[in-house]
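A look at the structure
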Amino acid sequence: MTEAAALPGQPRGGVLSGPATARAVNVLAPNASAMTLDGTNTWIVAEPDSELAVVIDPGPLDDAHLTHVIATAEKAGKRVALTLLTHGHPDHAEGAGRFAELTGTKVRALDPALRLGDEGLAAGDVVTTGGLEMRVVPTPGHTADSLCFHLPADRAVLTGDTILGRGTTVVAHPDGRLGDYLDSLRRLRSLTVDDGVHTVLPGHGPVLEDAQGAVEFYLAHRAHRLAQVETAVESGYATSSEVVAHVYADVDRSLWPAAELSVLAQLDYLREHGLI
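Re the sheet that holds strand β6 (residues 79–84)
- The strand order β2-β3-β4-β5-β6-β7 describes an open sheet built from 6 strands, whose pairing is mixed. The strands lining the two open edges of the sheet, one partner per strand, are β2 (18–19) and β7 (107–108).
- Of the pairings in the sheet, the one linking strand β3 (residues 24–28) to strand β4 (residues 41–45) comprises 5 bridges and is antiparallel in character. Within the sheet, the bridge partner assigned to V25 lies in β4 and is I44.

Some remarks on the packing of helix α5 (residues 211–234) against helix α7 (residues 256–272)
- Two elements in contact, α5 and α7, have axes separated by 10 Å at closest approach and are oriented at 80°. The angle between α5 and α7 falls in the class roughly perpendicular. Across the interface between the two elements, R222, R225, L226, V229, E230 and V233 of α5 pack against S262, Q266, L267, Y269 and L270 of α7.
- Residues of the contact of α5 with α7, tallied by class, amount to 6 nonpolar, 2 polar and 3 charged.

Things to note about the pattern of salt bridges
- Throughout the structure, instances matching the rule amount to 14 salt bridges.
- Put simply, D154 and R23 hold a salt bridge, and the shortest N to O gap is 2.6 Å. Highlighted residues: D154 in the loop between β10 (147–151) and β11 (156–160) and R23 in the loop between β2 and β3, separated in sequence by 131 residues.
- Here D63 ties to R98 by a salt bridge, and the two come within 3.2 Å at their closest N and O atoms. Highlighted residues: D63 in helix α1 (residues 63–75) and R98 in helix α3 (residues 96–103), separated in sequence by 35 residues.

A closer look at the pairing of strand β5 (residues 52–56)
- When you tally the buried positions in β5, you get 4 out of 5 residues, the bulk of the element.
- Of the pairings in the sheet, the one linking β4 to β5 comprises 3 bridges and is antiparallel in character. Looking across to β5, one finds that V45 is bridged to V54.
- Between β4 and β5, which pair antiparallel and follow one another directly, the connecting turn spans 6 residues.
- Note that β5 and β6 share 5 bridges and pair parallel. Looking across to β6, one finds that L52 is bridged to R79.

Description of the side chain of H87
- Inspection of the secondary structure assignment puts H87 in the loop between β6 and α2 (90–93).
- Judged by relative accessible area, which is 1%, H87 ranks as buried.
- Within the structure, the side chain of H87 is placed 2.9 Å from the side chain of T86, a separation counted as a polar contact.
- Separated by 3.2 Å, the side chains of H87 and D161 make a polar contact.
- For H87, the residues in contact, after removing those within four places along its chain, are D57, H92, A93, L114, H142, T143, D145, S146 and D161.

Criteria and thresholds
- Residues numbered from 1 in each chain as written.
- Predicted model: local features only at pLDDT ≥ 70, side-chain atom pairs only at ≥ 80, totals over all residues.
- Heavy atoms only, no water.
- Pairing = 2+ DSSP bridges.
- Helix = DSSP H or I, 4+ residues; strand = E, 2+ residues; numbered from the N terminus.
- Axes fitted to C-alpha atoms, helices over the stretch in contact; angles between N-to-C directions.
- Parallel < 35°, antiparallel > 145°, perpendicular 65-115°, else oblique.
- Contact = heavy atoms within 4.5 Å.
- Nonpolar A, V, L, I, M, F, W, Y, C, P; charged D, E, K, R; others polar.
- Salt bridge = Lys/Arg side-chain N within 4 Å of Asp/Glu carboxyl O.
- Buried < 20%, exposed > 50% of the residue type's maximum accessible area, 1.4 Å probe, protein only.
- Polar contact = N/O pair within 3.5 Å; in protein donor to acceptor, adjacent residues only side chain to side chain.

Laid out in structure tokens, this is it:
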């Protein structure tokens, strides 16, 4: 869920649908909008020599898309054996129940309300379906239940809405918390520094081949916006809507409602840290 369609200086990428790494293939859901960019990226991940695949974020409740995901896996000689969710927003998770019916798979997620089956996801978990190694990375902030998945063999990370292929993500009050989000970005930065991750496979938008650059861009953008909000409050803009009109004047007005939720999260952060 994006806050802005594009911003100067953001790392650019490619591949909106199709193979992105040796193990990850993207099937783009037809739900393009101001908030979902080109649509939701549904990821099929599997070892090249395995018959079993894992699907991450089946996307919206759209039978044509869900059956296309299954057909794409089958065309590659794979059977969908497990479904994972990066978080519970409908554009990522609404179709999970139907997809589980179509594939006979369990759905694993951090939020128990989203799971189908007994097993959830938590920090330190490693998904090993079909010989795959995919590590669960907690990244709260965009939502409380947000997760990323580290794919070491491809030096890649599947980021859901934590990092997008274009624009920046919304940290939407009250579920979204800016302090948590900044910690999550730093956690992802450590993957780029310590684990050699260089590819971002996002929940929306194109693949990014400079993971560290993307994280640094996001951190700089957040610091810049936070400083703008702090200055706006000090200048007498009293309400979140007033702050949005002042700080987000360069953003399409259709995104202002989402920007206001982000401003509320920023105001909470500034108050918690005694900055306003």
